[in-house]
Amino acid sequence: MGNGTSRGRPPGRIAAAVGVSVLTAGLVTACGSEEGITLNLYYAPEDTFQTVVDNCNAKAAGRYNIVYNKLQRGADDQRVQMARRLAAGDDGLDILGLDVTWVPEFAEAGWAEEWTGANRDQAEAGVLPGPLATATWNGKLYAATKNTNVQLLWYDDRITPQPPETWDEMIAEAEQLKAAGKPHNILFTGAQYEGLVVIYNTLVASAGGHILSDDGKSVVMDEGAVQALEILKRVTSSGITDPSLTNMKEDETRQAFQRGNGAFELNWPFVYASYAEEQPQDLPHFKWSTYPAVDPGVPARTTIGGYDLAVSSTSKHKPEAFEAALCLRSQENQKFSALNDGVPPSIEALYTDETPLDPTKPVNADDNPSMATAYPMRDAIFAALKDPAVRPLTPAYQSLSTVISKVLSPPSEIDPQKTAEELRIKLTDALNSKGVIP
C-alpha cells in the first residue's frame, strides 16, 4: 500500500517549518549503564527521534537503555517485520511503533500488552479523543498515542481567494477556473494504495456513512458510503483532476500543486514546509482550510493518521517498557517531535502552547520555533481533530485496505451502486479471511 506517507508521516526529512533543527536545551545523550536493561524500540525512521530516545535514557539514569531500531520506511514492510518476529515469539522486541491502523490486529493476535492502571491513566491524559480511539480495541487500551496527523485543503489565494465550503462548491469552482483557462485541478492521492483509501474514508465519514459496523465485525456500505463513491466518480470524470491522478501519492500531489497544476490540494501538513523551502517568495499566498464538507452546514470528518507506541507481549521487561514508552510520547517529547519532524501532537494542550522550544532563548522561527511559528495552520489541524474520521477498526484492516484501493482504482470508472455491491462482497470475504487478497 505504498510508501507509508498515507499513514500521516511526512515523506523523507521534512520538518514542521523551514530550517527547524534546534535541539531542546537539556536534551542530552546517554548511553546507559552496562548493567542496565536494554529495551529494544522498533519504530519508523524519524530524523530527530534519536534525541528523544537519548533524553529518555538520561532520565532513566542507567536503569534501562532504549535502543532505537529503525524500521524500513515503507509502512507495509514495518508491519511485516514486526508481525513475523512476534508471531515467532521473539523476545527481542520491547516497544513497538504501530501505525494507527495496526492496533486491533496486534491486540487481537496477542502481540500487544494491555495498558492498565496508572500507565493507562498517564497514556490517556489530555489526549484528543480521535487519536485515542486508534490506540483502543474492544474497550481496552493497547498503545499510547505518539503523534497524530490530519489532511487539510490547500489553495493559492491569488487563484481562489476563499476556500470552498463543500465538495459541490469546489467542483463547480474548478470547472469555472478551467473554463477561464486558469489552474483548476483538484489534486489528491489517486494511486492504488492507502492514500486513495484515506480520501474515500473521509468522504464516507463526511457523508455520515459507514464502511464497517462500529464493532468492525460486519460490512455496512450504507447510503453515505454510496454517496462517497458518487463524489469520487464525479470529481475524477469531470476533467478537473490531474492526468496523472492514478499515479499520484502524497509527494506527487504536492509537486503538482507547486508546479501550478492545480487550484486545490488535499494533503497532509508536511506540504507547508516543502512550499516554504522551495517557493518562499509565494508562501504568503499558500493558504489552508479544513476539508470541504459533503453536506452544507455539516463539517467534514477527516481521516487521521499517526503512530502509537505499544509494549510487546514477548518483552522480558514490561514494566520498564511501559515507563519508557510513556517518556517517548510525553508532552515535552511530542512537542519536540512536532517542531523537529513535522508530526502533529496527539495531546490537546500543545495546540495552544505558545512557548518556544527552548524557553531560555529568544523566540525565532528559524532557530527556536514554537507551535505558533512552526504550525501556522495549527488551528485548522485542531479543528479537524475535534471530530475526525478513524479508519475502520478491525484486525483485518490491511486486507480491507488492499481490497478498497483495488476496487476503487481507477476512480473514474466507479459505478456507485455496482461498486458498492462489489465492495460489500469482497470486504465481507476479507473480514472472513476468504479468497485471495489482491
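Notes on the structure follow. (Residues numbered from 1 in each chain as written. Predicted model: local features only at pLDDT ≥ 70, side-chain atom pairs only at ≥ 80, totals over all residues. Heavy atoms only, no water.)

**Some points on the overall build of the protein**
Moving on, step 1. Along its length, the protein carries 16 helices and 11 strands.
Moving on, step 2. For 438 residues, the compact-globule formula gives about 22 Å, and the C-alpha radius of gyration of the protein, at 21 Å, lands near that figure.
Moving on, step 3. Here the C-alpha coordinates of the protein stretch approximately 70 × 55 × 35 Å along the principal axes.
Moving on, step 4. The long-range share in the protein, meaning contacts at least 24 apart out of those at least 6 apart in sequence, stands at 77%.
Moving on, step 5. Counting only carbon and sulfur atoms, one obtains 48% of the accessible surface of the protein, whose full area is about 16500 Å².
Moving on, step 6. Side-chain charges in the protein split into 37 positive and 57 negative, and the spacing between the mean points of these groups amounts to 3 Å. (Helix = DSSP H or I, 4+ residues; strand = E, 2+ residues; numbered from the N terminus. Rg over C-alpha atoms; globule rule 2.2 N^0.38 Å. Contact = heavy atoms within 4.5 Å. Areas by Shrake-Rupley, 256 points an atom, 1.4 Å probe, with all protein chains shown as cover. Lys, Arg positive; Asp, Glu negative; His and termini not counted. Charge placed at Lys NZ, Arg CZ, Asp CG, Glu CD.)

**Re the sheet that holds strand β10 (residues 286–289)**
Moving on, step 1. Sheet architecture is open: four strands sit in the order β8-β9-β7-β10, paired in mixed fashion. Looking at the sheet topology across the chains shown, the edges are occupied by β8 (186–187) and β10.
Moving on, step 2. Pairing between β8 and strand β9 (residues 264–267): two bridges, direction parallel. The residue of β9 that forms the bridge with L187 is E265.
Moving on, step 3. Packing against the sheet, helix α9 (residues 250–258) makes contact with β7 (152–156), β8, β9 and β10, and its axis sits at approximately 155° to β9.
Moving on, step 4. Seen against the sheet, helix α10 (residues 270–278) touches β7, β9 and β10 and runs at an angle of roughly 170° to β10. (Pairing = 2+ DSSP bridges. Axes fitted to C-alpha atoms, helices over the stretch in contact; angles between N-to-C directions.)

**Some remarks on α10**
Moving on, step 1. Most of α10 is tucked away: seven of the nine residues are buried.
Moving on, step 2. When we look at burial in α10, the residues that qualify are F270, V271, Y272, A273, S274, Y275 and A276.
Moving on, step 3. Check the buried side of α10 and you find it contacts β7, α9, β9 and β10. (Buried < 20%, exposed > 50% of the residue type's maximum accessible area, 1.4 Å probe, protein only.)

**Details of helix α12 (residues 331–341)**
Moving on, step 1. Here α12 lies mainly inside the structure; nine of its 11 residues are buried.
Moving on, step 2. Next to the buried residues of α12 lie α1 (49–60), β6 (144–150), α11 (318–328) and α13 (371–374).
Moving on, step 3. Positive phi appears at G342, one or two residues downstream of α12, with a value of about 70°.

**As for the pairing of strand β3 (residues 95–99)**
Moving on, step 1. Most of β3 sits out of view: five of its five residues are buried.
Moving on, step 2. With burial as the criterion, each face of β3 is covered, one bearing I95, G97 and D99 and the other bearing L96 and L98.
Moving on, step 3. Note: strand β1 (residues 37–43) against β3, two bridges, orientation parallel. Considered in β3, the bridge of L41 is made with I95.

**Topic: the pattern of salt bridges**
Moving on, step 1. Counted under the stated rule, the structure contains 18 salt bridges.
Moving on, step 2. Two residues, R63 and E323, come together in a salt bridge whose shortest N-O distance is 2.4 Å. Within this pair, whereas R63 is found in the loop between α1 and β2 (64–70), its partner E323 is found in helix α11, the two being separated by 260 residues in sequence.
Moving on, step 3. Here R158 makes a salt bridge to D156, at a shortest N to O gap of 2.8 Å.
Moving on, step 4. Look at R158 and you get partly exposed, because its relative accessible area is 47%. (Salt bridge = Lys/Arg side-chain N within 4 Å of Asp/Glu carboxyl O.)

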